[in-house]
Amino acid sequence: ALQKHLQDGYNELMCHAGHVDDELRANSSYSDPRELELNALLSPEFKRYLETNRNIRLVSWKEVRI
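Residues numbered from 1 in each chain as written. Predicted model: local features only at pLDDT ≥ 70, side-chain atom pairs only at ≥ 80, totals over all residues. Heavy atoms only, no water.

Across its full length, the chain carries four helices and zero strands. When the helices and strands of the chain are placed in sequence order, the string is α-α-α-α. Compactness check: the chain gives a C-alpha radius of gyration of 15 Å against a globular reference of 11 Å for 66 residues, more than 25% above the reference. Each of the three principal axes of the chain carries a C-alpha extent, and together these read 40 × 30 × 20 Å. Burial statistics for the chain: of 66 residues in total, 20% are counted as buried. In the chain, of all internal contacts separated by at least 6 residues, the share reaching a separation of at least 24 is 34%. Carbon together with sulfur atoms contributes 53% to the accessible area of the chain, which is approximately 6,000 Å² in total. (Helix = DSSP H or I, 4+ residues; strand = E, 2+ residues; numbered from the N terminus. Rg over C-alpha atoms; globule rule 2.2 N^0.38 Å. Buried < 20%, exposed > 50% of the residue type's maximum accessible area, 1.4 Å probe, protein only. Contact = heavy atoms within 4.5 Å. Areas by Shrake-Rupley, 256 points an atom, 1.4 Å probe, with all protein chains shown as cover.)

Evaluated as defined, the whole model comprises one aromatic pair. Relative to Y49, the ring of F46 lies with its centre 6.4 Å away and its plane at 15°, an arrangement referred to as stacked. Taken as a pair, F46 and Y49 lie in helix α4 (residues 44-52) at a separation of three residues, close to a single helical turn. Take F46: its relative accessible area is 19%, and that puts it in the buried class. (Phe/Tyr/Trp six-rings, centres within 6.5 Å; stacked < 30°, edge-to-face > 60°.)

Right, here's the structure in full:
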């Protein structure tokens, strides 16, 4: 799905990846998906995807020039 939606230039992958605990579950309606997003971002499959798609480069906001 990611490859299908990429455009030339900058693209943002929006997520709120993180570990979930009882406090977060009590204070956020968006808790369990955080673990799924974290697992996806840390997966060997995603790493391989980035390595094989050399036209994709991860950058920080400091590097974005618009």
